[in-house]
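What the coordinates show
Listed here are the chains, written in short residue letters.
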Amino acid sequence: MAEAGETPSFRFLFREDQGVVTRAQWLRGLTALVIPLVLLGVGWRIVSPWANRGLDERKLIDVMALVTYVYLIAMAFALILIAVSFYNLSAKRLRARGLPTGLAGLAPFTAFIAGAAHWLQPRVADVFPFAIVVICDVAVIGVALWCLYELGVRSGDGSAS
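Everything numeric in this text was worked out from a predicted model, so none of it was measured.

**Points about the side chain of Asn88**
- With respect to the helices and strands, Asn88 occurs in helix H3 (residues 63-97).
- A relative accessible area of 8% places Asn88 in the buried class.
- Filtering out sequence-adjacent residues up to four positions away, Asn88 remains in contact with Leu13, Phe14, Arg15, Glu16 and Asp17.

**Digging into the pattern of salt bridges**
- Under the definition given, this model contains two salt bridges.
- Of the charged contacts, one joins Glu150 and Arg97 as a salt bridge, the two residues approaching to 2.6 Å between their closest N and O atoms. Placement of Glu150 in helix H5 (residues 130-153) and of Arg97 in helix H3 is noted, with a sequence separation of 53 residues between them. We note that Glu150, like Arg97, is buried.
- Glu150 sits in the buried class, given a relative accessible area of 7%.
- In the salt-bridge network here, residues are joined through shared partners; they are Arg97, Glu150 and Arg154.

**Quick notes on the packing of aromatic side chains**
- Evaluation of the coordinates by the stated rule reveals one aromatic pair.
- Consider the rings of Trp26 and Phe86, whose centres lie 6.4 Å apart with planes at 65°: the pair is edge-to-face. Here Trp26, found in helix H2 (residues 23-47), pairs with Phe86, found in helix H3; they are 60 residues apart in sequence, far enough to count as distant.
- On the basis of relative accessibility, which here comes to 12%, the residue Phe86 falls in the buried class.

**Digging into H2**
- Spanning 25 residues, H2 covers 36 Å between terminal C-alpha atoms, matching the ideal 36 Å at 1.5 Å per step.
- Each element contacted by the buried residues of H2 is listed here: helix H1 (10-15), H3 and H5.

**Details of the side chain of Thr68**
- Here Thr68 lies in helix H3.
- Overall, Thr68 belongs to the buried group, its relative accessible area being 0%.
- A polar contact of 2.7 Å, which involves the side chain of Thr68, links it to the backbone oxygen of Met64.
- Aside from chain neighbours lying at most four places away, what touches Thr68 is Trp44, Val47, Trp50 and Ala51.

So, how was this worked out
Residues numbered from 1 in each chain as written. Predicted model: local features only at pLDDT ≥ 70, side-chain atom pairs only at ≥ 80, totals over all residues. Heavy atoms only, no water. Helix = DSSP H or I, 4+ residues; strand = E, 2+ residues; numbered from the N terminus. Buried < 20%, exposed > 50% of the residue type's maximum accessible area, 1.4 Å probe, protein only. Contact = heavy atoms within 4.5 Å. Salt bridge = Lys/Arg side-chain N within 4 Å of Asp/Glu carboxyl O. Phe/Tyr/Trp six-rings, centres within 6.5 Å; stacked < 30°, edge-to-face > 60°. Expected span 1.5 Å × (residues − 1). Polar contact = N/O pair within 3.5 Å; in protein donor to acceptor, adjacent residues only side chain to side chain.

This is the structure:
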């Protein structure tokens, strides 16, 4: 575990869930996870137009479609790694706050459910109303705000809060 004032290692912050971190360390770790997340999202917005075209709109082997799907696979793998890293980081902060560490998985879980809802709704709009997507988005925003407040704003180690 990192000493007070010492910068914790990558392994300690993201690869294991044991130990505790301060509010500042959690915010720095969160920033380190959000930056690649935003970059992945921007990259997906750039290549996603090539993901939803049929064979009647392009030739059988389309280089941009191949690039898009390779990017999608790499992005899915990266999202899982980011979610696991977020869990490990948040479990440390929750432990420091005296809260159940299982709550660390709530944000990634709701984000993945909302992502699945966004993907599924246009494909089966007749049986999957858009209101469910909105509910999922509200849940993600609520959980994200709760995490940010509880882990990044509130101080204390759980005994004084």
